[in-house]
Every structure is written in C-alpha cells, then in structure tokens.
Amino acid sequence: FLFEMGHRRVMNIMCLRRYTMELRLAGIKEAWERQNQNFKDERDLLTINSFSAKEAEEKVGAWLDMTEKSMLPTAFLAGGDFIAAGIINALKKRNIRVPQDVSVMSIDGFNLAAIEDVPLT
C-alpha cells in the first residue's frame, strides 16, 4: 500500500520477539522485492525489544536525531499500533507532522486510532 501511495523510503519498526512478526517482516521484504526495491536491514529496519510505545519513541527518537533530514523516510511502517503511537510521539517532539510530513502505518489488528487521536495511515 505504501509503495502504491508513492513512498519509496519506508522505515520499518518491528519487535521480532514472536515468530509471527518474523513472518510479517518476510512479507514486507517480499513486497519490497515485488516493487523492485532493495531492502537493507541496516537502512530500512529498526528493531525494538518490546511492543511498547515508550521504547519505540526512544529508539525512533535516537534514530531521528542521528539521521540527516534529507535521508528521512516518507513513511514509517510499525509492527503494532502501540509502536506506531511511539513513532508519532518521537516525530511530534521533533516538529515532524503526521501525516503532512510523513506517513505512519501500522500492521496491527488493534485499532489504537479508534480510541486515541493517532493519525495512522
């Protein structure tokens, strides 16, 4: 979906503690391949140890602080809605607007956006 929307720089934030998340990551890599995109773990993947918004916010925040603005992705794909909420908090603290400046999409089945003001794609 993100590729269909024109995104080419997508950062994936995943907790790989569960086998199902590893399967999701394999599917993500297959989607990149179908779009003739070269997925590189060191460029396109941040892994975290839990599904918490706090850890995602800290990890993405540190990554954003180290990354040149010209190299920022146009979209983040989160391995869960709480991870997505953490990503959005990190972006907001750096005055990066969601969805105006960057899209955030979650692959979770839980709809956090329905109970909080979280602008998920």
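Structure first, text after, so check above.
Residues numbered from 1 in each chain as written. Predicted model: local features only at pLDDT ≥ 70, side-chain atom pairs only at ≥ 80, totals over all residues. Heavy atoms only, no water.

Q: Please explain the sheet that holds strand S4 (residues 103-106) as it appears in this structure.
A: Spatially, the 4 strands line up as an open sheet ordered S2-S1-S3-S4, and their pairing is parallel. The open sheet has two edge strands with one neighbour each: strand S2 (45-48) and S4. For this sheet, the mean inter-axis angle between neighbouring strands, taken without regard to orientation, is 20°. Here helix H1 (residues 19-34) sits on the sheet and contacts strand S1 (10-15), S2 and strand S3 (75-78); the angle it forms with S1, its principal contact strand, is near 165°. The strands touched by helix H4 (residues 81-93) are S1, S2, S3 and S4; relative to S4, the strand with the most contacts, the crossing angle is about 165°. (Pairing = 2+ DSSP bridges. Helix = DSSP H or I, 4+ residues; strand = E, 2+ residues; numbered from the N terminus. Axes fitted to C-alpha atoms, helices over the stretch in contact; angles between N-to-C directions. Contact = heavy atoms within 4.5 Å.)

Q: Can you walk me through the packing of helix H3 (residues 53-66) against H4 in this structure?
A: The description of two packed helices rests on the angle between their axes and on the distance between the axes. Two elements in contact, H3 and H4, have axes separated by 7 Å at closest approach and are oriented at 40°. Relative to H4, H3 is oriented oblique. Taken as a pair, H3 and H4 cross one another with a handedness that is right-handed. Residue-level contacts link Ala53, Ala56, Glu57, Val60, Gly61 and Leu64 of H3 to Phe82, Ile83, Ala85, Gly86, Ile87, Asn89, Ala90, Leu91 and Lys93 of H4. Classifying every residue of the contact of H3 with H4 gives 10 nonpolar, 3 polar and 2 charged. (Parallel < 35°, antiparallel > 145°, perpendicular 65-115°, else oblique. Left-handed = near helix turned anticlockwise from the far one by under 90°. Nonpolar A, V, L, I, M, F, W, Y, C, P; charged D, E, K, R; others polar.)

Q: What should I look at first to understand the pattern of salt bridges in this one?
A: Opposite charge on two side chains permits pairing when their charged atoms draw close. Under the criterion given, the structure shown has 6 salt bridges. One salt bridge connects Lys54 with Glu58, and the closest N-O pair in it is separated by 3.8 Å. Here Lys54 pairs with Glu58, and both are found in helix H3, just 4 residues apart, close to one helical turn. For Lys54, a relative accessible area of 59% corresponds to the exposed category. Using a relative accessible area of 49% as the deciding quantity, one classes Glu58 as partly exposed. In this structure, the salt-bridge partner of Lys93 is Glu57, at a minimum N-O distance of 2.5 Å. A residue pair is termed long-range when its members are at least 10 positions apart, and Lys93 in helix H4 and Glu57 in helix H3 qualify at 36 residues. (Salt bridge = Lys/Arg side-chain N within 4 Å of Asp/Glu carboxyl O. Buried < 20%, exposed > 50% of the residue type's maximum accessible area, 1.4 Å probe, protein only.)

Q: Sorry if this is basic, but what is going on with the nonpolar core here?
A: If you look at soluble globular proteins, the nonpolar side chains tend to sit buried side by side. Core analysis: the largest hydrophobic core is formed by 22 residues, its most contacted members being Ile13, Val60, Leu64, Phe76, Ile87, Leu91 and Val104. Taken together, the elements giving at least two residues each to this core come down to S1, S2, H3, S3 and H4. A total of 6 residues in this core trace back to one element, the largest contributor, which is H4. Counting 13 residues, the second-largest nonpolar core is a separate cluster that includes Met14, Ile28, Trp32 and Leu45. (Core = buried A, V, L, I, M, F, W, Y, C linked by side-chain atoms within 4.5 Å.)

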